Amino acid sequence: MLFNSIQFALFLPIVFLLYWFVFDRFISKSKWQLRLQNAFVVVASYVFYGWWDWRFLLLIAFTSFCSWGSGMLMQRVENQQIGSNLTGGGKSLEINKLQRRKKLITTANIVLNLLILAIFKYYDFFVTEFAQLFHISTDGLLLKVILPVGISFYTFQALSYSIDVYRGKIEPTKDIIAFFAFISFFPQLVAGPIERATNLLPQFLKKRKFDYDTAVDGMRQILWGLFKKIVVADNCAVYVDQVFSTYTDQCGSALLLAAIFFTFQIYGDFSGYSDIAIGTAKLFGIKLMRNFNVPYFSRDIAEFWRRWHISLTTWFRDYVYIPLGGSRVSKAKVVRNTFIIFLLSGFWHGANWTFIAWGAYHAILFLPLILTGKNRKYTNQVAEGRFLPTLKEAGQMLLTFFLAVFGWIIFRAESIGMAWEYFQRMLQFGTLRASYRFFFLSGMWPKELPEMWPTNLFIVIMLVVEWLQRGKGHGFEFLSRIKTLIIRFVVLVLIIEFILIFKASVPSQFIYFQF
Amino acid sequence: MKRFLQAVLMVLGVLMVISIPFDYLFSNYLITYSKAQKYVGWNDIIYDSINADLVVLGSSRAWVQYDTYIIDSMLQTNSYNLGIDGSPLNRQMLKYKIYSHFQSKSPKVMVVNIDFWSVSRRTGYQRDQFFPYLLNRYTRNEFIKDEPFSIGELFLPMFRYYKQGVYSVYLESNIDHNLFKGYAGMDWEWDGSGFSRISSFHFNKDETVAKEFDDFLKELKNQKVRIVFVCAPLYFGITKIVDNLFEYYETIQSYSDKYEIPILDYFNYYLSYDTSYFYNAMHIMFPRIESMS
């Protein structure tokens, strides 16, 4: 079920009303109230997911059960450990044995989860690549299975639980229903944010209270997400899809523009999804982590990565980069660690060399910063306390933006060859001159391409709102600061009308669903 | 919670109230100013006085191949092309029904372009062409008999436009098809890609539509409208892969015999063998229609 579909527009209010009125109010005196409410969340989430393909519900249930089971087994080992300490045995040998057992359980769960991910997402890719390398046929070797929507997201969420339990950061939960709700919570099930058990799971273990301000803020965030998705991203997609599918026939300026538009498309699409997810969760009294923080106002690539897909970046930082030694090791190992997380991050997106190349590209951009110790130079908001950035900041933002644009070309291309050719055509001699004619002289716009001024306007609106709201939770937070009810109301209605009027004609699926 | 629900309902209520005049204004804009074929065809027959002596009925082949300018000048008559893109007989008959309701004068002659796709039912395709006319009680009642509309489309103001995006509808409505009395010739290059993907084709006859068409012809006969069946040229590659061509001929022959309707068959006409006349396997390009005439 897509967030921008009629089905979801019906699904959400029904689930919302049942959640608060039936499973909260009417059975509030029951000791089962919380469990029933969580069970309802699981059922609603499974309906949400099963709308796409019900067969893969078994996979989510299996992943959830294995991770919950591993937590329970670790709890049992932990109890044995405590028991052996209490009885004054003090036998370090016994404790080491139990510790090893915990490690084994965690490893087994990680391997199992990664194996499932590998089979569904990467198996065919590896087989094809090996077959090409050794010139053998792939007949009968390929699985050709459909990639379950959101598999990378919920698998990583399940892994974070296992690792955090092993590290003692969180107590394993006995409440299987709460755990299933944690893995499958529908707003973030298919495209994140990839939640940590330490943040989300405890919220399912305590009674939620409806809060008017939070719910209203959630609605506004949903609206902001919808604006970014259906007005900005989907309108950009019309142009981007057309140019990328006929890139060999397009001039350099059209290719450059398509790359810039894709940069906004993927941002509007993914951050829009995250905003809808976070906003929807707020309606249910659940607080999800922030996933984007105005990444295109970053002053260097390191800052960009602190602001882009935060839940994944921090996941790799906490569970891969730091265990490998992070940046507190020799320079050679820092280089190795940086490449590992960026390549893994690229590969996480999909089984294609383009994603790996995209990861490598960012690792190359990131390395000079980390090696010179400048990777944490910009941890505050740009132009903090000022209305406009300085010229230097503006230049830095523009440079970082275009570095990101070039990266997105690799990301969007179907193959490395296509990305290379795209670059060549885009940067060929004369593009700059042609760009001037293309953008500023009338009659230069190719007739077969759609007029883009409305989309340019939407992008400008998004950037202006984000700039003005850059220290806030989301773009429409300013509505809460309008004191007069009538004006607030009118602005809200105008925003909704604007979205309905300018939404793209062809709704596209969220890009990150495929990951 | 109560306060929250009240606020949500209030916003929805205001949106609904705003949408009522907006719907009226936008629909009227499309009716009055749209240049797109999908609206112009309906606008002409509902709001204009056509007074045609000859009408052409058919799908896109009628729409792009029956030049009303040539028909008018050669036959010294007043013709109108009721061709409707991507639509078999269920919609063609509906369009004629709407035409005859709003036009005071019945045509003397009806040319029915009939081909392998005609005797079937199709709904959903380009259904947005009906949207502006859902405010008119008669057209609304006729459209909903044949076309499935959702509750939202029928009862929520602007909902049918919001789905596509109002601005997109507006942009689309400005695409000028240069229609001349319902005719829109296309001057495109040959593209055989669609045709090359088809290896065989079966003439499907929908019995309900066949029966409705029979009633339709009967009614026209009663009204003394002269009917002519035309099998307009199709690229021969299509005709030769129809695995039940005999059934097709049998069907139209049965109507022809029953109502004494002449058939002008151009399937084997010389130009059907030459792609230079077509822009795809099913449509002739307009300069060729001019020269043929």
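Some details on the sheet that holds strand 5 (residues 263–265) of chain B
Adjacent strands of a sheet form backbone hydrogen bonds with each other and so pair up, either parallel or antiparallel.
Residue and element names in this part refer to chain B.
Right, so step 1: The five strands are arranged 2-1-3-4-5 in an open sheet whose pairing can be described as parallel. Only two strands of the sheet have a single neighbouring strand rather than two, namely strand 2 (79–81) and strand 5. The average angle at which neighbouring strand axes cross in this sheet is 20°, direction not considered.
Right, so step 2: For strand 3 (residues 109–113) and strand 4 (residues 226–231), the ladder comprises five bridges, and the chain directions are parallel. The residue of strand 4 that forms the bridge with V109 is R226.

Some thoughts on the interface of chain A and chain B
Right, so step 1: Contact with chain A, which involves 16 residues of that partner, is made by 14 residues of chain B.
Right, so step 2: Mapped by element, the contributors of at least two residues to the side of chain A that touches chain B are helix 9 (212–245) and helix 19 (485–502) of chain A.
Right, so step 3: The element that contributes the greatest number of residues to the side of chain A that touches chain B is helix 19 of chain A, accounting for seven residues.
Right, so step 4: Among the residues forming the side of chain A that touches chain B, the class breakdown is 13 nonpolar, one polar and two charged.

Brief notes about the packing of helix 2 (residues 33–53) of chain A against helix 6 (residues 176–184) of chain A
All names here are of chain A.
Right, so step 1: Following both chains from N to C, one finds helix 2 and helix 6 inclined at 35°, their axes separated by 9 Å at the closest point. The two elements helix 2 and helix 6 cross, and the hand of that crossing is left-handed. On the side of helix 2, the interface is formed by R35, N38, A39, V41, V42, S45, Y46 and Y49, while helix 6 contributes I177, A178, F180, A181 and S184.
Right, so step 2: Of the residues contributing to the contact of helix 2 with helix 6, the split by class is nine nonpolar, three polar and one charged.

Some details on helix 19 of chain A
Right, so step 1: For helix 19 of chain A, built from 18 residues, the straight-helix expectation of 26 Å at 1.5 Å per residue is met to within 8% by its first-to-last C-alpha distance of 26 Å.
Right, so step 2: Packed against the buried residues of helix 19 of chain A are helix 9 and helix 18 (453–468) of chain A together with helix 1 (2–33), helix 8 (159–162) and helix 9 (166–173) of chain B.

Cut-offs used in this document
- Residues numbered from 1 in each chain as written.
- Chains lettered and ligands numbered in written order.
- Predicted model: local features only at pLDDT ≥ 70, side-chain atom pairs only at ≥ 80, totals over all residues.
- Pairing = 2+ DSSP bridges.
- Helix = DSSP H or I, 4+ residues; strand = E, 2+ residues; numbered from the N terminus.
- Axes fitted to C-alpha atoms, helices over the stretch in contact; angles between N-to-C directions.
- Contact = placed C-beta atoms within 7 Å.
- Nonpolar A, V, L, I, M, F, W, Y, C, P; charged D, E, K, R; others polar.
- Left-handed = near helix turned anticlockwise from the far one by under 90°.
- Expected span 1.5 Å × (residues − 1).

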